[in-house]
Amino acid sequence: MATYKLQINGRTYEADVEPDTPLLWVLRDNLGLVGTKFGCGIAQCGACTVHVNGNAMRSCVYPVSAVGNSKITTIEGLSADGDHPVQLAWDEVDVAQCGYCQAGQIMTASALLNRNPKPSAEEIDNAMHGNICRCGTYHRIREAVALAATKTK
Amino acid sequence: MIGNQTGKPVNRVDGRLKVTGGAKYAAEFTAPNMAYGFVVNSKIAKGKIKSIDTSKALALDGVLEVFTHENRPGYVWGDKNYQDKDSPPGSPFRPLYDNEVQFSMQPIALVVAETYELARYGAILVEVEYENYSFDTDFEKNIKQAYIPEKYKSSKPPEPWGNPDEALANAAVKIEAEYSHPSEHHNPIEMHASLAIWEEGGKLTVYDKIQGVQNSQQYIANAFGMQQEDVHVISPFVGGAFGSGLRPQYQLFLAVLAARELKRPVKVVLTRQQMFSFGHRPKTVQKFALGADTDGKLKAVQHDAFGETSKFEDYSENVVIWPGVLYNCDNVKVSHKLVALDVYTPLDMRAPGGTTGIYGLECAIDELAYKAGVDPLEFRKMNYSEKDQNEGKPFSSKELRECYRQGAEKFGWEKRSLEPRSMKEGHNLIGWGFAQGAWEATQKQAAAKAVLTTDGKLTVSCATADIGTGTYTVMSQIAAETVGLPLEDVTFKLGDSSLPKSPLQGGSWTVSSVGSAVKLVCDKVREKLLQLAQQVANSPLANATLDDVNIEDGKISLKNDPAKAVTIKEALVQSQGKSIEENVSSEPVEGQQKYSPYAHSATFVEVKVDEDLGTVKVTRVVSAIAGGRIINPKTARSQILGGVVWGIGAAMEEETVMDNNLGRFMNHDLDKYHVPVNADVHDIEVIFVEEKDDHVNPLGAKGLGEIGIVSVAPAIANAIFHATGKRVRELPITLDKLL
Ligand code: FES
Ligand code: FES
């Protein structure tokens, strides 16, 4: 066990865990940040996507010891009041069904808009194709990413 | 009735919670001093556990206990104690009962530790010695031993009518074909999980992933010899289930057992691999012999189904009812036999029986239409059923013709040429396919409670679930409209076993059953409101009856003189601080039984097939639905889109492959079990046709969870035939089958 100081959502958290513990478990079990989801544990579904220094990363295969001083953002920290353009667009389009995959979808989409504020339809598809939604909300995901792009300054 | 709330494309009332990470699913609840359990699964498919050595796991600092069949406490073990509301006939699996292994990946131990990681590590250290028995998981090999079960879980196949053998022999046009549908797994993205907390005084609180909290409640009470009221099951959000949560799964039993023994809360979360260890859509083979006359009039149907089940329960689903529902034919005979294998019992999966049965039937009909030289859509029109021949009853409503018309128009069907391989674009062959479907719109018994407080806020509750279907939202809409309040003033509560009685959420019956109860209880609130409004001094409504008034936007007004009104808040003053509280239990009324209630679908599909590579792209889908009154066009559309995506998965990708040497499903992860992703999904149009139904239930709504999927896979398969001239009779249609 070792103590890790993690920069998450603009705060410093401390976790006393084994170095190879996936960041996902630290978030969910140690820190109570359960907005990030567990869908496979082996980088196949995207449910666990968080931002590491603004880039989308799968936290289920990201050992806590690799985090260092990187800035982690989870769905809880994407915006103060749930008013990030992607969240607003998601709500407006009513993307979610069961909702379970949506934190991962939103984190992937917001990372895309960070680096490419006006993505083409193809760029949207390419960025989003790794996030599985078993409810089949894919149409609205595309629509919402495009809508969010119009809301991003 | 088109009201002021229902029929509106309202956004999900829980939408914001789901975009901010605020919605909490079963595994996300915690309790002080909570421990974690990790399940050890059997490596063999059948045999005995000779020994199970837990000492290495127990030696780890922080591992609290390892539960196995050797040290598990004695509870009640009768079959009845383990049967739940969705159990097939037979002897249900009882976790840790004895040293017998009945199926691969059977749970055989639970390691409980201070952390999840430690429990998982401990599970690796548990050493098991098995005695292997020979096992049988080979469906094809065992089809000869197929049997008619003593009791069907589904409805019994209808008796034959007419003279099918003779009609078939005399038919001018005939086909015989065998269709095969593979095993599939539900794979909701949320894993099954349970947290069990024993409270002082022997009461139990459980957070569970389940499609009916009262099913878990009853199961736990029976299996642990408890009073039902001492078990409290909570499940506010479910991250998809599609049937996997109809039966309480083994992590629930194990969490409760461990928590009881260790006297501390225990959480058990399954892994993706373990999600393949309980319940799947059964592999099903169907044999068809169909006959028609030269004009394309259907003369005879023979439909024989063989469905997979386990050796300990007789699972069956409605595979062979579809000819009697979808076609008008004078000579029909059907049968449904089971093939018992050493696997876990299959489990209802989105449109159980419909997905498989309609797939086979609609492809076989397409073959027959081709043989008769009739356009497939024309063929359906010619053999349109005006009544449910299985039951001999008229439909409560059936606007399928309108689905044909609007769907064909939107799709451009009249431009289709009958000939296969007749449409090309570059190196892609283009195919257009059609299929129709149906799904029963059952109403079950359900109860509801409504409380209208003096501040004008209404809370309605029922122990149902929202597995992503939109229950929170549509129930709030029904309540708001019936009582006459703005949607913001209404809260709907579900997912708590202490709430009024609900059927399981499944089978597309929630809107029909729970919705009807909500409507009824809100009607009673409405009545009370008028009475109170009449007690207001100089009430302009003094002589009004319920029929004379409108209740809308918080106001009760005379229909013929809307200026004469009392606000709901004014009326509530008369109750002297007391809330209005009403309870109802609703069930189908007598007249309803005279009709057969089905939702219908017509699906038009375009595929592009690259002949050199065998790749198929489903480029266009038009799905026209007759589903009665649509309460919320937005959530309704989402349900149908989701169904289409599932149909694409079934047609092209999904298959859990059995390794008959190991008796184990091989592809038990999301890398090798393919579900549709963004890149598989292109243009999909959903049409809801107007359908008025006064018989189905008080709402006139039919439920949409399954009707969206049933006709998609056959329409895709038929489109692939039209494109390539190849009839692939085995799902999924992967590229190797087209080359
Ligand atoms: S849980 Fe990390 S990708 Fe699936
Ligand atoms: S909304 Fe249910 S898995 Fe995506």
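As the structure is a prediction and not an experimental result, all values here were calculated from the model. All residue numbers refer to position in the chain's written sequence, counted from 1. All chains are assigned letters beginning at A, and all ligands numbers beginning at 1, according to the order in which they are written. With pLDDT at 70 or above as the cut-off, local features in this predicted model cover only qualifying residues; side-chain atom pairs require 80 or more to be listed or tallied, and sums for whole chains, interfaces and linings still use all residues. Side-chain figures throughout are based on the complete set of non-hydrogen atoms in the structure, without hydrogens or water.

Strands are runs of DSSP state E lasting at least 2 residues, helices are runs of H or I lasting at least 4, and numbering of each runs from the N terminus. Within chain A one finds five helices and five strands. If you list the helices and strands of chain A from N to C, you get β-β-α-β-β-β-α-α-α-α. Taken over the C-alpha atoms alone, chain A extends approximately 45 × 30 × 25 Å along its principal axes. In chain A, buried positions account for 61% of the 153 residues. A separation threshold of at least 6 residues defines the contact pool for chain A, and within that pool the share at least 24 residues apart is 56%. Computed with the Shrake-Rupley method and a 1.4 Å probe, the accessible areas treat only the protein chains shown as cover for residues. Surface accessibility of chain A: about 5700 Å² in total, with carbon and sulfur atoms responsible for 49%. Looking at charge distribution, chain A has the averaged site of its 13 positive side-chain charges lying 3 Å from that of its 15 negative ones. Buried residues are those whose accessible area, probed at 1.4 Å on protein chains only, stays under 20% of the maximum for their type, while exposed residues exceed 50% and partly exposed ones sit between those limits. We call two residues in contact whenever any of their non-hydrogen atoms come within 4.5 Å of each other. Under this rule, positive means Lys or Arg and negative means Asp or Glu; His and the chain ends count for nothing. Lysine's charge is taken at NZ, arginine's at CZ, aspartate's at CG and glutamate's at CD.

With that settled, consider the interface of chain B and chain A. With 57 residues of chain B in contact, the opposing surface of chain A contributes 44 residues. Defined in terms of a 1.4 Å probe, buried area is the accessible area two parts forfeit on being brought together, summed over both. Contact with chain A buries surface across chain B, with Val19(B), Ile189(B) and Asn678(B) losing the most and accounting together for 19% of the total. A carboxyl oxygen of Asp or Glu within 4 Å of a side-chain nitrogen of Lys or Arg is what we treat as a salt bridge. On inspection of chain B and its partner chain A, the count reaches four salt bridges. Between Glu28(B) and Lys37(A) there is a salt bridge, with its nearest N and O atoms 2.8 Å apart. Whenever two N or O atoms come within 3.5 Å, that pair is a polar contact, provided that in protein one can donate a hydrogen and the other can accept it, and provided that, for residues adjacent in sequence, both atoms are side-chain atoms. Linking chain B with chain A are 25 residue pairs in polar contact (both at pLDDT 80 or more), by the criterion used here. Contributing elements (two or more residues each) for the side of chain B that touches chain A: helix H1 (15–20), helix H3 (116–125), strand E11 (266–269), helix H15 (633–652) and strand E30 (683–688) of chain B.

Moving on, we come to the sheet that holds strand E25 (residues 580–586) of chain B. All names here are of chain B. Any two strands are treated as partners once DSSP identifies two or more bridges connecting them. Overall, mixed pairing links the four strands, which are arranged E21-E20-E19-E25 in an open sheet. Of all the strands in the sheet, just strand E21 (490–493) and E25 have a single pairing partner and so form its edges. Taking each pair of neighbouring strands and ignoring which way they run, the sheet shows an average axis angle of 15°. Taken strand by strand, helix H12 (residues 471–483) contacts strand E20 (458–461) and E21, and its axis lies near 135° from that of E21. To define axes, lines are fitted to C-alpha atoms, for helices over the stretch in contact only, and angles between the resulting N-to-C directions are given on a 0 to 180 degree scale. Its contacts with the sheet put helix H13 (residues 510–535) on strand E19 (446–452), E20, E21 and E25, and the angle it makes with E25 is roughly 145°.

Once that is clear, we can look at helix H7 (residues 250–262) of chain B. Residue and element names in this part refer to chain B. Between its first and last C-alpha, H7 extends 18 Å over 13 residues, near the 18 Å set by a 1.5 Å rise per residue. Judged by how many residues are buried, H7 sits mostly within the fold: 10 of 13 residues are covered. By the burial criterion, the buried members of H7 are Tyr250, Gln251, Leu252, Phe253, Leu254, Ala255, Val256, Leu257, Ala258 and Ala259. Within two residues after H7, lysine 263 carries a phi angle of roughly 55°, on the positive side. Multiplying 1.5 Å by the residue count of a helix minus one yields the expected span of that helix.

Residues and elements named next belong to chain B. In space, the seven strands of this open sheet follow the order E3-E5-E1-E11-E8-E9-E10, with mixed pairing throughout. Only two strands of the sheet have a single partner each, and these edge strands are strand E3 (63–67) and strand E10 (231–234). Mean inter-strand twist for the sheet, computed between neighbouring axes without regard to direction, equals 20°. Where strand E1 (residues 35–41) lies against strand E5 (residues 107–113), six bridges are found, and the strand directions are antiparallel. Directly across from valine 39, in E5, lies its bridge partner leucine 110. Here H3 sits on the sheet and contacts E1, E3, E5 and E11; the angle it forms with E1, its principal contact strand, is near 25°.

The next subject is the domain arrangement of chain B. Residues and elements named next belong to chain B. In this document the domain limits rely on a domain assignment from an automatic tool or a database. Assigned domains within chain B: domain 1 (15–22 + 444–587), domain 2 (31–134 + 189–241 + 245–276) and domain 3 (280–442 + 593–738). Between domain 2 and domain 3, the C-alpha centre-to-centre distance is 37 Å. Between domain 2 and domain 3, the residue contacts involve 22 residues of the former and 21 residues of the latter. Between domain 2 and domain 3, roughly 1900 Å² of surface is buried when both sides are summed, and carbon and sulfur atoms account for 59% of that area. Together, Pro88, Phe103 and Phe276 form the three largest contributors to the area buried by domain 2 at its contact with domain 3, with a combined 27%.

On inspection of all chains with the given rule, the structure shows 47 salt bridges over all chains. We note a salt bridge from Asp489(B) to Lys457(B), for which the minimum N-O separation is 3.1 Å. Linking Asp489(B) in the loop between H12 and E21 with Lys457(B) in the loop between E19 and E20, this pair joins segments that are 32 residues apart in sequence. Of the residues examined, Lys457(B) reaches a relative accessible area of 40% and is grouped as partly exposed. In this structure, a network of salt bridges that share partners links the residues Arg28(A), Lys37(A) and Glu28(B).

What follows concerns the nonpolar core. In this structure, Trp90(A), Trp322(B), Leu458(B), Val518(B), Ile556(B), Val607(B) and Ile716(B) are the most contacted members of the largest nonpolar core, which totals 245 residues. The contact partners of Val607(B), leaving out residues within four places of it in the chain, are Leu429(B), Ile430(B), Gly431(B), Val616(B), Lys617(B), Val618(B), Thr619(B), Ile716(B), Ala719(B), Ile720(B) and Ala723(B). Among buried residues, the Ala, Val, Leu, Ile, Met, Phe, Trp, Tyr and Cys ones that are joined through side-chain atoms within 4.5 Å form a nonpolar core. Judged by nonpolar contacts, the second largest core, of 19 residues, contains Cys403(B), Met423(B), Ile430(B) and Val622(B).

Residues and elements named next belong to chain B. Computed over the protein atoms alone on a 1 Å grid, cavities are sets of points where a 1.4 Å probe fits but cannot get out and pockets are open sets with protein on both sides within 12 Å along at least five of seven lines; a residue lines them when it has an atom within 4 Å of a point. Grid points are joined across faces, edges and corners, and a volume is the space filled by probe spheres set on the points. The calculated volume of the second largest pocket comes to roughly 610 Å³. Forming the boundary of the second largest pocket are 26 residues, of which Phe38, Val39, Ile124, Thr271 and Gln274 lie nearest the centre. Elements with a contribution of two residues or more to the lining of the second largest pocket: E1, H3 and strand E6 (127–132). Note that Gly is not counted as nonpolar here; it falls among the polar residues with everything else outside the nonpolar set of Ala, Val, Leu, Ile, Met, Phe, Trp, Tyr, Cys and Pro and the charged set of Asp, Glu, Lys and Arg. Residue composition of the lining of the second largest pocket, grouped by class: 16 nonpolar, seven polar and three charged.

Before going further, it helps to spend a moment on the pairing of strand E27 (residues 615–626) of chain B. In summary, the side chains of a regular strand alternate between the two faces of the sheet. All names here are of chain B. The buried fraction of E27 amounts to nine of the 12 residues, a majority that puts the element mostly inside the structure. Note that strand E26 (residues 598–610) and E27 share 11 bridges and pair antiparallel. Bridge pairing in E27 places glutamate 606 opposite arginine 620. Turn length for the E26-E27 hairpin, with the two strands adjacent in sequence and antiparallel, is four residues, and the turn residue glycine 614 shows positive phi of about 75°. Pairing geometry for E27 and E30, over six bridges, is parallel. The residue of E30 that forms the bridge with isoleucine 625 is phenylalanine 688.

Residue and element names in this part refer to chain B. Looking at where lysine 56 falls in the secondary structure, it is placed in helix H2 (residues 55–59). According to the relative accessible area criterion, lysine 56 is partly exposed, its value standing at 44%. Apart from residues no more than four positions distant in its own chain, lysine 56 is found in contact with Leu125 and Glu127. Among the polar contacts made by the side chain of lysine 56, one reaches the side chain of glutamate 127 at a distance of 2.7 Å.

A word on the packing of helix H2 (residues 85–93) of chain A against helix H5 (residues 138–151) of chain A. Helix packing geometry: the angle between the two helix axes and the distance between the axes. Residue and element names in this part refer to chain A. Orientation of H2 relative to H5, taken along the N-to-C sense of each, is 135°, at an axis distance of 8 Å. In this view, H2 runs oblique relative to H5, as classed from their interaxial angle. The handedness of the crossing between H2 and H5 is right-handed. Facing H2, whose interface residues are Pro85, Val86, Leu88, Ala89, Trp90, Glu92 and Val93, H5 presents Arg140, Ile141, Glu143, Ala144, Val145, Leu147, Ala148 and Lys151. A per-class count over the contact of H2 with H5 returns 11 nonpolar, no polar and four charged. The labels follow the angle: roughly parallel below 35 degrees, roughly antiparallel above 145, roughly perpendicular from 65 to 115, and oblique for the rest. Throughout, a crossing is termed right-handed when the near helix is turned clockwise from the far one, and left-handed when it is turned anticlockwise from it by less than a right angle.

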